[in-house]
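Structural overview
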Amino acid sequence: MALLRALFLALLAGAHAELPGCKIRVTSKALELVKQEGLRFLEQELENITIPDLRGREGHFYYNISEKVYDFLSTFITSGMRFLLNQQICPVLYHAGMVLLNSLLDTVPVRSSVDELVGIDYSLLKDPVASSNLDMEFRGAFFPLAEGNWSLPNQAVEPQLQEEERMVYVAFSEFFFDSAMESYFRAGALQLSLVGDEVPHDLDMLLRASYFGSIVLLSPTVIDSPLKLELRVTAPPRCTIKPSGTTIAVTASVTIAMVPPNQPEVQLSSMIMDARLSAKMALRGKALRTQLDLRRFRIYSNQSALESLALIPLQAPLKAMLQIGVMPMLNERTWRGVQIPLPEGINFVREVVTNHAGFLTIGADLHFAKGLREVIEKNRPANARDAQAPSAPPASTPASTAAV
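What counts as what
- Residues numbered from 1 in each chain as written.
- Predicted model: local features only at pLDDT ≥ 70, side-chain atom pairs only at ≥ 80, totals over all residues.
- Heavy atoms only, no water.
- UniProt positions renumbered as here; feature names shortened; annotations may be inferred.
- pLDDT = per-residue confidence, 0-100.
- Helix = DSSP H or I, 4+ residues; strand = E, 2+ residues; numbered from the N terminus.
- Contact = heavy atoms within 4.5 Å.
- Phe/Tyr/Trp six-rings, centres within 6.5 Å; stacked < 30°, edge-to-face > 60°.
- Buried < 20%, exposed > 50% of the residue type's maximum accessible area, 1.4 Å probe, protein only.
- Salt bridge = Lys/Arg side-chain N within 4 Å of Asp/Glu carboxyl O.
- Pairing = 2+ DSSP bridges.
- Axes fitted to C-alpha atoms, helices over the stretch in contact; angles between N-to-C directions.

- Going by what an unreviewed UniProt entry lists, the chain is known as Phospholipid transfer protein and is assigned to Prolemur simus.
- Under the UniProt heading Sequence similarities (unreviewed entry), the note attached to the chain is "Belongs to the BPI/LBP/Plunc superfamily. BPI/LBP family."
- UniProt lists a comment for the chain under the heading Subcellular location (unreviewed entry), and it reads "Secreted".

Below you can see the structure in the form of structure tokens.
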């Protein structure tokens, strides 16, 4: 009975376990690189130690030993050297390992803003698993800054990491991208309004010709008014990742209206737009960047099939307007990228992107864009920078000395 209860509780816990939106594998190659950089840093720390001349007494033997002959007389001054290690060298090593290197890890973003509208949460979901590699699971979820406690339920496929050839592998599920798009949708960013001269001239002429019958029936004060074209995404876009590529589905409303000065808008038409965007991902530095391309596009009326037929002439110019006017604005934002949880001064190079069913992986090597010392010095606490080295042991004042 107890066994069944334990099994039930385990299943219940598993059912409520949060799936990761992002996984990172640090392979043994990367761990060796970090190890070498760490050793180089420790060597630099030790170079800053000034070892004073030793003066002291061993039994009936008094000594005054300069740095140059430590090795030669090491067998005679074991106790003195042990004292030196305990008082000066060991504290430096401890300080570097336990305090200074931690300042490097503090540069890894956990929950931070992406821009003025949206933030990202890279909280660890469980303790890292260390074997020959280091595997970590992150929440990998975006959120609107105005709704800091909001979160999108993760029902996507869990990303998997199997490769070990590169130094680092990062996996992103569809949830990672869906949470980004829903966050921007909730923040009110997925809408665009073009008025007057902002509407491309050729499109303005075509729209006026298409709705000429409706425009001529309007008041003379409205006929020559500026035209307004408004696009508003009606539901959060959704990402689909397949081995063949990544696509994003977008549905939006398109409203065409006249905007007479100091008068209410006069709506000419309202239609639905369905679009399919292809998305190509890349890692640059330590930012995940996205390049979008408009692949499929159609408009139709939500009123009648007959009105949908009348909209066919508008399809090509509206698509051209999206490609020329809207897509560059989207790509300017998506190409800025979002930071991957990696310490400051370490970048990705020579990345390879692989699509799977429901997730994608990016393998890359690591490059220290900054020396470990430079990063640590930048993030070293002020009190650590000002701290003085341990003082030298007090010199003895024997009646007679053996000077070397």
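Here we look at the confidence of the model for the chain
- Per-residue confidence for the chain averages 78 on the pLDDT scale, and 72% of its residues sit at or above 70.
- Of all the helices and strands in the chain, helix 1 (residues 2-16) carries the lowest mean pLDDT, 40, while strand 12 (residues 238-242) carries the highest, 96.
- For residues 1-15, every residue scores under 50 in pLDDT, and the model assigns this stretch 0 contacts once sequence neighbours within four places are set aside.
- pLDDT under 50 marks residues 387-404. Its contacts with residues more than four places away, or in other chains, come to 20 contacts.

Section: the packing of aromatic side chains
- Scanning the entire structure with this criterion turns up 5 aromatic pairs.
- With centroids separated by 4.7 Å and ring planes inclined at 50 degrees, the aromatic side chains of Phe 172 and Phe 176 adopt a geometry described as tilted. The two residues Phe 172 and Phe 176 agree in class, both being buried.
- For the ring pair Phe 176 and Phe 177, a centre distance of 5.2 Å and an interplane angle of 80 degrees mean the geometry is edge-to-face. Assigned by exposure class, Phe 176 and Phe 177 land together as buried.
- Cluster of aromatic residues (ring-pair linked, three or more members): Phe 142, Phe 172, Phe 176 and Phe 177.

Looking at the pattern of salt bridges
- Per the stated rule, a full pass over the model turns up 19 salt bridges.
- A salt bridge links Asp 115 to Arg 333, with the nearest nitrogen and oxygen atoms 3.1 Å apart. Taken as a pair, Asp 115 in the loop between strand 4 (111-113) and strand 5 (118-121) and Arg 333 in helix 9 (residues 312-334) lie far apart in primary sequence, 218 residues in all.
- Between Glu 182 and Arg 238 there is a salt bridge, with its nearest N and O atoms 2.7 Å apart. Of the two residues, Glu 182 sits in helix 4 (residues 174-186) while Arg 238 sits in strand 12, which places them 56 residues apart along the sequence.
- Glu 182 sits in the buried class, given a relative accessible area of 10%.

Focus on the sheet that holds strand 5
- With antiparallel pairing, 3 strands are arranged side by side in an open sheet as 4-5-8. Edge strands, defined here as strands with exactly one partner in the open sheet, are strand 4 and strand 8 (141-144). The mean angle between the axes of side-by-side strands here comes to 25 degrees, regardless of whether they run parallel or antiparallel.
- With 4 bridges connecting them, strand 5 and strand 8 associate as antiparallel partners. The residue bridging Asp 121 from the neighbouring strand is Ala 141, located in strand 8.
- Lying on the sheet, helix 4 is in contact with strand 5 and strand 8; it crosses strand 8 at an angle near 5 degrees.

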